[in-house]
Amino acid sequence: QVQLVESGGGLVQPGGSLRLSCAHSGSIPSIFLLGWWRQGPGKQRELVARITGGGSTNYADSVKGRFTISRDNAKSTAYLQMNNLKPEDTAVYYCNAQRSIVDTRIVFPWGQGTQVTVSS
């Protein structure tokens, strides 16, 4: 069973940047979509960004133009570059996979996530 480990979070001032990484044990097929979700205080987990094996991306409206998702297919790893961070981006961030654009069920157990706190 693949285990996911997110890293790169931290405390940053508004307007700052962070880069999140997603490491894992095992193998993730390159045809799977990789994505980043987040769960803010008192909120449901939401999809922030995802990327297909071919590199097509989509983003939540709230992060468009500020966040960039990328992947390294050789390593089956996903990254999330977050720029111009806002206090409302404060959340625990998780990575995971989906089998296809149509089958959006989460493939793997959730990892611990990485905390991102945006505050002055």
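### Some details on the overall build of the chain
Scanning the chain from terminus to terminus reveals 0 helices and 10 strands. In the chain, the succession of helices and strands from N to C terminus is β-β-β-β-β-β-β-β-β-β. A total of 120 residues make up the chain; the buried ones form 44% of that total. A separation threshold of at least 6 residues defines the contact pool for the chain, and within that pool the share at least 24 residues apart is 56%. Carbon and sulfur atoms provide 48% of the accessible area of the chain, an area that totals close to 6,200 Å². Positive and negative charge centroids in the chain, built from 12 and 7 side chains respectively, lie 3 Å apart.

### Regarding the packing of aromatic side chains
Scanning all chains against the criterion turns up 2 aromatic pairs. Their ring planes at 70° and their centres at 5.6 Å tell us that Tyr94 and Trp110 sit as a pair that is edge-to-face. Linking Tyr94 in strand S9 (residues 91–98) with Trp110 in the loop between S9 and strand S10 (114–118), this pair joins segments that are 16 residues apart in sequence. Residue classification places Tyr94 among the buried positions, given a relative accessible area of 10%. By relative accessible area, which is 33% here, Trp110 ends up partly exposed. Each residue in the set Trp37, Tyr94 and Trp110 is aromatic and connected to the rest through ring pairs, giving one cluster. The side chain of Arg19 reaches across the aromatic face of Tyr79, ending 4.2 Å from its centre. Sitting over the face of the ring of Trp110, Arg45 holds its NZ or CZ atom 4.0 Å from the ring centroid.

### Some thoughts on the sheet that holds strand S8 (residues 77–82)
Read across the sheet, 4 strands follow the order S1-S3-S8-S7 without closing on themselves; strand pairing throughout is antiparallel. Every other strand in the sheet has two partners, leaving strand S1 (4–7) and strand S7 (67–72) as the edge strands with one partner each. Going across the sheet, the axis of each strand differs from the next one's by a mean of 15°, ignoring polarity. As judged from the 4 bridges shared by S1 and strand S3 (residues 18–24), these two strands associate in the antiparallel manner. Along S3, the bridge assignment pairs Ser7 with Ser21.

### Let's talk about the environment of Gly26
With respect to the helices, strands and loops of the structure, Gly26 is situated in the loop between S3 and strand S4 (33–39). Note on Gly26: relative accessible area 62%, which makes it exposed. Linking Gly26 and Val2, residues 24 residues apart in sequence, is a C-alpha distance of 5.1 Å.

### Thoughts on the pattern of salt bridges
Within the structure shown, the criterion is met by 5 salt bridges. When the shortest N-O distance is used, the salt bridge between Arg105 and Asp103 registers 2.8 Å. By relative accessible area, which is 19% here, Asp103 ends up buried. Where salt bridges share partners, they join Arg38, Glu46, Arg66 and Asp89 into one cluster.

### Re the nonpolar core
By size, the foremost hydrophobic cluster in this structure holds 29 residues, and its most contacted members are Trp36, Phe67, Leu80, Met82, Tyr93 and Phe108. Elements represented by at least two residues in this core include exactly S3, S4, strand S5 (46–51), S7, S8, S9 and S10. At 4 residues, the largest contribution of residues to this core is made by S9.

Cut-offs and rules
- Residues numbered from 1 in each chain as written.
- Predicted model: local features only at pLDDT ≥ 70, side-chain atom pairs only at ≥ 80, totals over all residues.
- Heavy atoms only, no water.
- Helix = DSSP H or I, 4+ residues; strand = E, 2+ residues; numbered from the N terminus.
- Buried < 20%, exposed > 50% of the residue type's maximum accessible area, 1.4 Å probe, protein only.
- Contact = heavy atoms within 4.5 Å.
- Areas by Shrake-Rupley, 256 points an atom, 1.4 Å probe, with all protein chains shown as cover.
- Lys, Arg positive; Asp, Glu negative; His and termini not counted.
- Charge placed at Lys NZ, Arg CZ, Asp CG, Glu CD.
- Phe/Tyr/Trp six-rings, centres within 6.5 Å; stacked < 30°, edge-to-face > 60°.
- Lys NZ or Arg CZ within 6 Å of the ring centre and 35° of its normal.
- Pairing = 2+ DSSP bridges.
- Axes fitted to C-alpha atoms, helices over the stretch in contact; angles between N-to-C directions.
- Salt bridge = Lys/Arg side-chain N within 4 Å of Asp/Glu carboxyl O.
- Core = buried A, V, L, I, M, F, W, Y, C linked by side-chain atoms within 4.5 Å.

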